[in-house]
Each structure stands twice: as C-alpha cells, then as structure tokens.
Amino acid sequence: MSSLLELQDVVFGYPSRPIVLDGVSLTLDEGERIALTGANGAGKSTILQLAVGLLRPHFGRVVAFGDERTSEADFQEVRRRMGLVFQDPDDQLFCPTVLEDVAFGPLNLGIPPDEARAVVDRTLETLALAHLRDRVTHQLSGGEKRLVSLATVLAMEPEVLLLDEPSNGLDEATTLRLVEILSGLPQAVIVVSHDAHFRRRIALREHRLVDGRLIDHVPRCPNAAPPEDRAAAE
Ligand SMILES: Nc1ncnc2c1ncn2[C@@H]1O[C@H](COP(=O)(O)OP(=O)(O)OP(=O)(O)O)[C@@H](O)[C@H]1O
Ligand SMILES: [Mg+2]
C-alpha cells in the first residue's frame, strides 16, 4: 500500500528568517490519524502548508498520492484531494454568507448548483450547523467560524484532511462533538493541536516538532504524571 503523503527530509525557512524545518520526514497512510504538536512557532502550520504546496521546500521531497509533487499543476491536483483547514478561519472564509462559503468548493469542483446545495445542507447538518447556513460569515463567533471552516473543506470530500488546531476556541460540548465527527470519518487525518486530550482522542500516533525535526511523542496519562512532566507532555 503506498502512502497518501510523504514528506522526505524537508528543509524550509521563510525569506530572511532562520530555518524552520531542518529535515522533517513524515508518512501518512490510508485511514491513519496522526497528531502534530510542538511549541508556538515550531513550524507545525508550515508543515501543513508545505504538504499542499502553498510553500515549497528548499530541500527534500513532497510525495502525495504516490507521486513526487513539485509544480503548481501538481499541487493543484493535491489540493483537490487533500483539504487543509487553516489555523485562522479568516484565511479560509471569504464569501459573504456561510452558504456561499461552503458551496464554493463543490461548485469549483464542477458539481452542478442543485447538487452543491444538497452537499452544503448535508455537510452543515453533519456538523450541527444548519442554523448558520444563511448567516453573514464575518459576523459569526470565533468558534462558529472555525466549524464553518471545517465544513468548507468537508464539503469537498477530500481523501486527506489536514486540520490546524481545529478545536481551538471551541466549547467542551462542541469539542466532544468534533471528536466524534472526526473519529467517524473514513479519511486519513493530520491534526495539529496543543490540546493533549484532544490529540489522544483523535490520533493513535503523535509527533512533536522540536528544533525543526519531528520526534515520536509517546502520549502519557496527564493524571499520572508529575506537574513538570505534564507540562512537557502538552
Ligand atoms: N509568512 C511568514 N514569514 C516569515 N516568517 C514566518 C511566516 N509564517 C510563519 N513564520 C515564522 O515561522 C515559524 C513557524 O511558524 P508556524 O506558523 O509554522 O508555527 P506553528 O508551529 O504553527 O506555531 P503556532 O503553534 O503558534 O501556530 C515562526 O517562527 C513564525 O514566526
Ligand atoms: Mg500554527
């Protein structure tokens, strides 16, 4: 079975800035759910953006769906099959209303308007967001925007989901619902999260980004660990 996504020894830094990723390797197989964690500014969001070609590595390879990806055309295909939910919902949502935002992806994929409308209704229903369908997007609360961001990506039915801090700012009940929804999805998932409980509920495998490299991170029960270890485990 070939992997859905492989980052091979990826090195990356932003212009005029120190190197952020110094040889990152990561493999995502079908049906897998992986969590990434690490300090603020470690480079987690950068990894997700490299995976879908919004950034390009200085060195190393991005292999998606069995092929090495280098050109914009390569990555356009990747982005149709791999949905990234941005850390900041304002980077994701750009239409006047929720309906238009969630319909945008399916329409862009060539789905006829009637069908796209049905996809929107189904997706919003799944996320218990039907009541937001006709709302003005920029008037939504932070948590509502985050869930609508997820809806815009789920509506395109990608084969892989890349989620950048999806539970950030969500209340407890909504976080639990998100866990249930994500756990029930057939897609492979990479989830970035600072919330150890959330990561543990979603993913079997965790990596921590330290000094530009991913290391395996063995989750431990926070209740059993002394406070200093507990802080390190987050
Ligand atoms: N467009 C940019 N230009 C220059 N530097 C950037 C840019 N975007 C991010 N950085 C820097 O690159 C580093 C990695 O950023 P990134 O957003 O990937 O971190 P992160 O691990 O996702 O952090 P957080 O947990 O705070 O979301 C940080 O030092 C950040 O300041
Ligand atoms: Mg980030």
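From a predicted model like this one, the values you see are computed outputs, not experimental measurements.

Parameters at a glance
- Residues numbered from 1 in each chain as written.
- Chains lettered and ligands numbered in written order.
- Predicted model: local features only at pLDDT ≥ 70, side-chain atom pairs only at ≥ 80, totals over all residues.
- Heavy atoms only, no water.
- Helix = DSSP H or I, 4+ residues; strand = E, 2+ residues; numbered from the N terminus.
- Rg over C-alpha atoms; globule rule 2.2 N^0.38 Å.
- Buried < 20%, exposed > 50% of the residue type's maximum accessible area, 1.4 Å probe, protein only.
- Contact = heavy atoms within 4.5 Å.
- Near = heavy atom within 4 Å.
- Polar contact = N/O pair within 3.5 Å; in protein donor to acceptor, adjacent residues only side chain to side chain.
- Areas by Shrake-Rupley, 256 points an atom, 1.4 Å probe, with all protein chains shown as cover.
- Nonpolar A, V, L, I, M, F, W, Y, C, P; charged D, E, K, R; others polar.
- Donors = N, O, S within 2.8 Å, 3.2 Å for Na, K, Ca; no water.
- Pairing = 2+ DSSP bridges.
- Salt bridge = Lys/Arg side-chain N within 4 Å of Asp/Glu carboxyl O.

Student: Just to check I follow, could you spell out the overall build of the protein for this structure?
Tutor: Scanning the protein for helices and strands turns up 8 helices and 10 strands. A compact globule built from 234 residues would reach a C-alpha radius of gyration of about 17 Å, and the protein, at 18 Å, matches this within 12%. For the protein, the C-alpha atoms occupy an extent of roughly 50 × 45 × 40 Å along the three principal directions. Taking all 234 residues of the protein together, the buried fraction comes to 49%. Look at the contacts in the protein between residues 6 or more apart in sequence, and 65% of them connect residues 24 or more apart.

Student: Sorry, what's going on with the site of ligand 1 here?
Tutor: As a matter of local geometry, ligand 1 sits amid 13 residues, with Gly41, Lys44, Ser45, Thr46 and Gln87 nearest to it. Contact distances for ligand 1 include 2.5 Å between an oxygen atom and a side-chain N or O atom of Thr46. Contact distances for ligand 1 include 2.9 Å between an oxygen atom and a side-chain N or O atom of His194. Here ligand 1, which alone exposes 640 Å², has 63% of that area covered by the protein. Of the residues forming the shell around ligand 1, the biggest block, 3 residues, is contributed by helix 1 (residues 44–51). Partitioned by chemical class, the residues of the shell around ligand 1 number 4 nonpolar, 7 polar and 2 charged.

Student: Whenever I open this one, the coordination of the magnesium ion (ligand 2) confuses me. Can you help?
Tutor: Expected angles at a metal are 109.5 degrees for tetrahedral coordination by four donors and either 90 or 180 degrees for octahedral coordination by six donors. Every protein donor of the magnesium ion (ligand 2) is accounted for by Ser45 (OG) and Gln87 (OE1), and the metal-donor separations fall at 2.0 to 2.1 Å. With Ser45 in helix 1 and Gln87 in the loop between strand 6 (82–85) and helix 3 (98–108), the pair connects residues that are 42 residues apart, well separated along the chain. Among the residues examined, Ser45 registers a relative accessible area of 18% and is labelled buried.

Student: Is there a simple way to think about the environment of Glu32 in this case?
Tutor: With respect to the helices and strands, the residue Glu32 is situated in the loop between strand 2 (19–28) and strand 3 (33–38). Sequence-distant contacts of Glu32, defined by excluding residues within four places in its chain, comprise Thr27, Ala188, Val189 and Arg205. Within the structure, the side chain of Glu32 is placed 2.8 Å from the backbone nitrogen of Asp29, a separation counted as a polar contact.

Student: Help me understand the pairing of strand 2 in this model?
Tutor: The two faces of the sheet receive side chains in turn, since in a regular strand these alternate between them. Across 7 bridges, the pairing between strand 1 (residues 5–13) and strand 2 is antiparallel. Each residue of the ladder has a partner; that of Leu5, found in strand 2, is Leu28. As consecutive antiparallel partners, strand 1 and strand 2 are separated by 5 residues, and within that stretch Ser16 has a phi angle of approximately 60°, a positive value.

Student: I'm lost on the pattern of salt bridges in this one. Help?
Tutor: Counted according to the given criterion, the structure contains 14 salt bridges. A salt bridge links Glu32 to Arg205; the shortest N-O distance between them is 2.9 Å. You can see Glu32 sitting in the loop between strand 2 and strand 3 and its partner Arg205 sitting in strand 9 (residues 205–210), a full 173 residues away along the chain. Assessed through its relative accessible area of 28%, Arg205 is described here as partly exposed. A salt bridge links Glu72 to Arg56, with the shortest nitrogen-to-oxygen separation between them at 2.8 Å. Taken as a pair, Glu72 in helix 2 (residues 72–81) and Arg56 in the loop between helix 1 and strand 4 (59–64) lie far apart in primary sequence, 16 residues in all. A relative accessible area of 32% means that Arg56 is categorised as partly exposed.

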